[in-house]
Structures are given as C-alpha cells and as structure tokens.
Amino acid sequence: MDVVLRRTRASDLDRVLALERATENAPYIGQWSLAQHSAALASAEWEHWIIVCDGDEDTPEGFLIAQDLRAVGKGVYIKRIVARAKNRGVGRRALEWFIAHAFQELAAAFVWLAVFVHNERARHVYRTLGFRFRGVPEAEADAWLEVVGNPDRPALLMFLDAGDPAGSPHSHDGRRKS
Ligand SMILES: CC(C)(COP(=O)(O)OP(=O)(O)OC[C@H]1O[C@@H](n2cnc3c(N)ncnc32)[C@H](O)[C@@H]1OP(=O)(O)O)[C@@H](O)C(=O)NCCC(=O)NCCS
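Note on numbering: residues in each chain are counted from 1, in written sequence order. Owing to the predicted nature of the model, reporting of local features is limited to residues with pLDDT of at least 70; listing and counting of side-chain atom pairs is limited to 80 or more, with chain, interface and lining totals taken over all residues.

## Here we look at the sheet that holds strand β2 (residues 46-53)
Selection rule: At least two DSSP bridges between two strands are needed for those strands to be called paired. By the criteria applied, helices consist of DSSP H or I runs no shorter than four residues and strands consist of E runs no shorter than two, each listed in order from the N terminus.
If you walk across this open sheet you meet the seven strands as β1-β2-β3-β4-β5-β7-β6, and the pairing is mixed. What marks the edges here is a single partner per strand, and that holds for β1 (3-7) and β6 (132-133). Note that strand β3 (residues 62-68) and strand β4 (residues 76-83) share seven bridges and pair antiparallel. Following the sheet pairing, Gly-62 is matched in β4 by Ala-83.

Right, here's the structure in full:
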C-alpha cells in the first residue's frame, strides 16, 4: 500500500473531527475544537496533514498534526496521529513519511512525541521506528510537558534523533535508503 501525507484542507476538518472523536481513537489522543484545527491550518508553527492511501486524495485515511519547535530548540513534535484502519500498516507508513519530511525537508535535529502508557499499539509502532524513551532534565521538565499540554494521564516522551540509525536513513517513499 502506498501511504503519503498531503496538507489538510478546511474541507477535510469534518472528517478529522469525526476521526478524533471516534470511540476507538478518543481514549488515546487529545481533542481539539473545529476552531483549533482551523487555527492550526493557518499557522506557520503547526503542520496539519491528511493520510492518503493509494493515491485516493479525497478519502482521508487519517491525520497527523505536528508542531515545529525548532526555533526554541525542541525539534519537531508529533502532536497527534490517527490511522482510520488499524493494524494495516497505515500508521507506521504515515510516520515514516513524516519522519523523512522532518529530517530531510525541515532538517530537524530530532522528532518527539508523548504517548500514554496504556497505548501499547502506538508504543510498539514508535519503538519499531526507532523512537526511544528519554528523560528530560528536571529543571526543563515543565517546559517539555507544557508542549504536551499537561495530560491528565501519565504520558511517556519518546525521541528519534536525526543521527540515530533508524532516524537518518528514511526516504520519502517510506523505505530505508541503503
Ligand atoms: C497508533 C496508530 C496511529 C498506529 O497506526 P496503525 O496503522 O494502526 O499501525 P500499524 O498497522 O502501522 O502497526 C501496528 C503495529 O502494532 C502492533 N500491535 C497492535 N496491537 C498491539 C498491542 N496491543 N500491543 C502491542 N502491539 C500491537 C501490530 O502487530 C503492528 O505491529 P507489526 O507491524 O510490527 O506487527 C493507530 O492504531 C491509531 O490511530 N490509534 C488510535 C489513536 C492513537 O493511539 N494515536 C497515537 C497517540 S500517541
């Protein structure tokens, strides 16, 4: 299956909201209003992407939201990802596409995210992509968690560095470069 990301359009947001609120996704992700999604589309700090499978641009198969924090030394933060169909490789391929974008086009030093402890599927996907748990210095902890948005459940921070074996060699077609 071919999986790519394209920029989210305002006309996609009803679908995005439906996916975000769906019972199989809501326990694992934050919830934004339509106004918050719309604001992200208009902001240079946020990247809002639609997951497209096999070239069907008009049928969102999920979405990914990222925050560009390079200017404050915090790399690129994957705020939220949802794949509509689970366990078919869509989420991993979408993340591979985004990681290649972050390292090759944004030249990010690292990509990071927060995942709830109980979200074992997502943790497995991130781990197999090379993301690793990392503590942050206590003095900086509040600043990092502020980005995450003070979740009411414990979230783990996972990082993928551009220099990591799994972090550098992705190409934009989702395959590893030799
Ligand atoms: C997390 C998510 C984006 C992953 O996308 P996906 O398309 O379902 O994932 P993939 O099919 O690419 O990979 C799923 C992997 O998890 C594994 N898996 C499934 N359930 C699992 C579980 N309970 N524990 C551990 N691994 C599990 C699958 O076997 C597969 O691994 P493999 O390819 O190595 O065999 C998607 O499931 C989703 O939208 N979940 C709800 C929202 C969410 O949790 N978002 C992330 C918030 S941090």
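So much for the structure itself; the text now carries on.
## Overview of the packing of helix α1 (residues 13-21) against helix α2 (residues 34-42)
Heads up, the condition is: Axes, fitted as lines to C-alpha atoms, cover a helix only where it is in contact. Angles between the N-to-C directions of the axes lie from 0 to 180 degrees. Roughly parallel here means an angle under 35 degrees, roughly antiparallel means over 145, roughly perpendicular means 65 to 115, and every remaining angle is called oblique. Each crossing gets its hand from how the near helix is turned against the far one by less than a right angle, where anticlockwise is left-handed and clockwise is right-handed. Contacts here follow a simple rule: the backbone-placed C-beta atoms of the two residues must lie within 7 Å.
Interhelical geometry of α1 versus α2 gives an angle of 125° and a closest axis separation of 10 Å. With respect to α2, the element α1 is oriented oblique. α2 is crossed by α1, and the crossing has right-handed handedness. Every residue of α2 that contacts α1 at Leu-13, Val-16 and Leu-17 is listed here: Leu-34, His-37 and Ser-38.

## Focus: the site of the ligand
Here is the rule: Here, nearness means that the C-beta atom of a residue, built from backbone geometry, sits within 6 Å of the molecule or strand in question. Residue polarity follows a fixed list, in which Ala, Val, Leu, Ile, Met, Phe, Trp, Tyr, Cys and Pro are nonpolar, Asp, Glu, Lys and Arg are charged, and the others, Gly among them, are polar.
Taken together, 21 residues lie near the ligand, and Tyr-28, Gly-91, Arg-92, Glu-120 and His-124 sit nearest. For the shell around the ligand, the elements supplying multiple residues, two or more each, are β4, α3 (90-105) and α4 (120-128). Of all the elements, α4 adds the most residues to the shell around the ligand, at six residues. Its residues placed into classes, the shell around the ligand shows nine nonpolar, seven polar and five charged.

## Notes on α4
Formally: Exposure classes come from backbone-placed C-beta atoms, where a residue is buried if 20 or more other C-beta atoms lie within 10 Å of its own, exposed if 12 or fewer do, and partly exposed in between. By definition, the arc is the one covered by directions from the helix axis to the C-beta atoms.
Here α4 has its buried residues at Ala-122, Val-125 and Tyr-126. In a view along the axis of α4, the buried residues occupy a sector of 95°, so they form one face of it. Of the exposed residues in α4, those oriented more than 90 degrees away from the buried face are Glu-120, His-124 and Thr-128. Residues of α4 that are buried in the fold lie against α3, β5 (110-116) and β7 (155-161). Note on α4: the residue one or two positions beyond its end, Gly-130, has a positive phi of about 110°.

## Some remarks on unusual backbone geometry
Keep in mind that most residues, glycine aside, have a negative phi and that most peptide bonds are trans. The backbone of Asp-54 shows a phi angle near 50°, a positive value even though the residue is not glycine. With respect to the helices and strands, Asp-54 occurs in the loop between β2 and β3. Classification of Asp-54 by C-beta neighbours within 10 Å gives exposed; the count is 10. Even without being glycine, Asn-87 reaches a positive phi, approximately 60°. Take Asn-87: it is sitting in the loop between β4 and α3.

## Looking at the nonpolar core
This is how the line gets drawn: In these notes, a nonpolar core means any group of buried Ala, Val, Leu, Ile, Met, Phe, Trp, Tyr and Cys residues linked to one another through C-beta atoms within 7 Å.
Core analysis: the biggest nonpolar cluster contains 41 residues, and Leu-5, Ile-51, Phe-63, Leu-64, Ala-94, Phe-98 and Val-111 have the highest contact counts within it. Looking at this core, the element that brings in the most residues is α3, giving seven residues. Aside from chain neighbours lying at most four places away, what touches Leu-5 is Trp-49, Ile-50, Ile-51, Val-52, Leu-64, Ala-94, Trp-97 and Phe-98.

## Looking at the environment of Glu-24
Tracing the chain through its elements places Glu-24 in the loop between α1 and α2. A count of 10 C-beta atoms within 10 Å places Glu-24 in the exposed class. Between the C-alpha atom of Glu-24 and that of Arg-84, which follows or precedes it by 60 residues, the distance is 9.3 Å.

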